[in-house]
Amino acid sequence: MKQDSAIIKLDSIDAYNKLYGLETKHPLVTVIDLTRATRTVNHVVMDYDLYALFLKNGAKCSLKYGRQPYDYQEGSVVSFSPGQLIEVDTEIDEIAPDVKGVMFHPDLMYKTPLASKIKEYGFFDYSQREALHLSADERRIFNQCLEQINEEISHQIDKHTANIVASHIQVLLDYVTRFYERQFITRAIVNSDILGKFESALNTYLESGQSKDRLPTVNYFAKLVHLTPGYFGDIIKRETGLTAQEIITRRIVERAKQRLTTSNDDISVIAYELGFQYPQHFSRMFKRVARLSPSQFREKQFHYTIIKTD
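Residues numbered from 1 in each chain as written. Predicted model: local features only at pLDDT ≥ 70, side-chain atom pairs only at ≥ 80, totals over all residues. Heavy atoms only, no water.

(A) Geometry of the sheet that holds strand β9 (residues 99-104). The strand order across the open sheet built from 5 strands is β2-β9-β4-β7-β10, with neighbouring strands paired in antiparallel fashion. The sheet is open, and its two edges are formed by β2 (29-33) and β10 (132-133), each paired on a single side. As paired elements, strand β7 (residues 76-80) and β10 share 2 bridges and run antiparallel to each other. Across the sheet, Val-77 pairs through a bridge with Leu-132, a residue of β10. Here helix α3 (residues 136-153) sits on the sheet and contacts β2, β4 (51-56), β7, β9 and β10; the angle it forms with β2, its principal contact strand, is near 130°. (Pairing = 2+ DSSP bridges. Helix = DSSP H or I, 4+ residues; strand = E, 2+ residues; numbered from the N terminus. Contact = heavy atoms within 4.5 Å. Axes fitted to C-alpha atoms, helices over the stretch in contact; angles between N-to-C directions.)

Next comes the structure, spelled out in structure tokens:
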């Protein structure tokens, strides 16, 4: 039976399972196999209050986040976290999509090691065109992790269940992290191109005077290359060893040094030119990077120039 709705609130595991006619074995976690679904869902928007990872094995469906399509092809994984709105559009609604995955409620992690580590898995914030593409071996490992989780929740719930299930989920998330790192390596040429575009755009931003209106941000440059800030930041960190924000900060300081040594403008004027609303914020950032205040740096350069001339 086809079911359509403007927005479907997914605030519990049972809410998702009922949507597809699947069995709920545990109130806080489920292993999903949509080939077993007794209901199909098409043209809906899902409002997630849950964490989820899905592996697509050939389903003819598309997902959208923020009006942009996911890079969700055969053999790829996408992940969602609470607070995301996901549009689901299945092309052939008579056939259950070949999708497997795991979904868990944040309460499952309560008093488990996963609770303190979940924020480290940055891929939950990835979106369009940033899916994880698995090799055959990686797909096998992913499915094995799902089987371990499913086996545990098939037993009667006891005081150990949450810890064991959370540990199995953490293993799966660690594998996903490893697989993403492999993907970053195999896409080195693409990543290098993204880094080049970032550096070029940052230089243009500072040299053209755009920074007078606003300091450059990671979000701004991520949008230029059509990536989410999280995925963009991970690529930059992988390529340079620095965060995107660290690179932006260093370039701002380099630009400030140039202005300090080639002009007599007041430090507050230079701060405003670089996008700082308050000069003291500029001075703090400059000193953190250069180990000298702007005035100390200017004075040092002045004395160095005199000595060099003499």
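There's plenty left to go through after this.
(B) How the structure looks around the layout of surface pockets. Roughly 340 Å³ of internal volume is contained in the largest pocket. Lining the largest pocket are 15 residues; nearest its centre among them are Val-31, Ile-32, Asp-33, Arg-36 and Asn-150. Looking at the lining of the largest pocket, the elements that each hand over two or more residues are β2 and α3. Ranked by residues supplied to the lining of the largest pocket, first place goes to α3 with 5 residues. Tallied by class, the residues present in the lining of the largest pocket amount to 5 nonpolar, 4 polar and 6 charged. (1 Å grid on protein atoms, 1.4 Å probe; cavity = no way out; pocket = protein on both sides within 12 Å on 5 of 7 lines; lining within 4 Å. Points joined across faces, edges and corners; volume = space filled by probe spheres on them. Nonpolar A, V, L, I, M, F, W, Y, C, P; charged D, E, K, R; others polar.)

(C) Spatial organisation of the environment of Leu-85. Mapped onto the secondary structure, Leu-85 falls in strand β8 (residues 85-90). In this structure the C-alpha to C-alpha distance between Leu-85 and Met-46, which are 39 residues apart in sequence, comes to 5.6 Å.

(D) Layout of unusual backbone geometry. Positioned with a positive phi, His-226 is a non-glycine residue whose angle comes to about 60°. Even without being a glycine, Arg-291 presents a positive backbone phi close to 70°. By secondary structure assignment, the location of Arg-291 is in the loop between α10 (279-290) and α11 (294-309).

(E) Quick look at helix α5 (residues 188-207). The end-to-end C-alpha distance of α5, which contains 20 residues, comes to 28 Å, matching closely the 28 Å that a straight helix rising 1.5 Å per residue would cover. Among all positions of α5, only Asn-191, Ile-194, Leu-195, Phe-198, Ala-201, Leu-202, Tyr-205 and Leu-206 are buried. Along the long axis of α5, the arc covered by the buried residues comes to 135°, so they all point the same way. Summarising the geometry of α5, the exposed residues directed more than 90 degrees from the buried face are Ile-189 and Glu-207. Those residues of α5 that are buried are in contact with α4 (161-186), α6 (218-224), α7 (229-240) and α8 (244-262). With its phi angle positive at about 90°, Gly-209 sits one or two positions after the end of α5. (Expected span 1.5 Å × (residues − 1). Buried < 20%, exposed > 50% of the residue type's maximum accessible area, 1.4 Å probe, protein only. Arc of directions from axis to C-beta.)

(F) Region of interest: the side chain of Thr-161. Position of Thr-161 among the secondary structure elements: in helix α4. Within polar-contact distance, the side chain of Thr-161 engages the backbone nitrogen of Asp-158 at 2.9 Å. Non-local contacts of Thr-161, meaning those with residues more than four positions away in its chain, are made with His-26, Glu-152 and Gln-156. (Polar contact = N/O pair within 3.5 Å; in protein donor to acceptor, adjacent residues only side chain to side chain.)

(G) Examining the pattern of salt bridges more closely. Summed over all chains, the structure comprises 11 salt bridges. Between Asp-47 and Lys-9 there is a salt bridge, with the nearest N and O atoms lying 3.2 Å from each other. Residue Asp-47 is found in strand β3 (residues 40-48), and its partner Lys-9 is found in strand β1 (residues 2-10); the two are separated by 38 residues along the sequence. You can call Asp-47 buried: its relative accessible area is 17%. (Salt bridge = Lys/Arg side-chain N within 4 Å of Asp/Glu carboxyl O.)

(H) Spotlight on the packing of α4 against α7. Where α4 contacts α7, the axes come no closer than 11 Å and their chain directions differ by 65°. One element, α4, and the other, α7, form an angle in the roughly perpendicular class. Between α4 and α7 lies a crossing whose hand is right-handed. For the pair formed by α4 and α7, the contact residues are Tyr-180, Glu-181, Gln-183, Phe-184 and Ile-185 on the first element and Tyr-231, Asp-234, Ile-235 and Arg-238 on the second. Among the residues forming the contact of α4 with α7, the class breakdown is 5 nonpolar, 1 polar and 3 charged. (Parallel < 35°, antiparallel > 145°, perpendicular 65-115°, else oblique. Left-handed = near helix turned anticlockwise from the far one by under 90°.)

(I) Structural context of the nonpolar core. Formed by 65 residues in total, the largest nonpolar core has its most connected members in Phe-198 and Phe-232. Element by element, the count of residues in this core is highest for α4, at 9 residues. With residues near it in sequence (within four places) discarded, Phe-198 still touches Phe-221, Phe-232, Ile-236, Ala-244, Ile-247 and Ile-248. By size, the runner-up hydrophobic cluster in this structure holds 24 residues, among which are Ile-13, Ile-32, Tyr-48 and Val-99. (Core = buried A, V, L, I, M, F, W, Y, C linked by side-chain atoms within 4.5 Å.)

Keep in mind that these numbers describe shape and distance, not what the molecule does.
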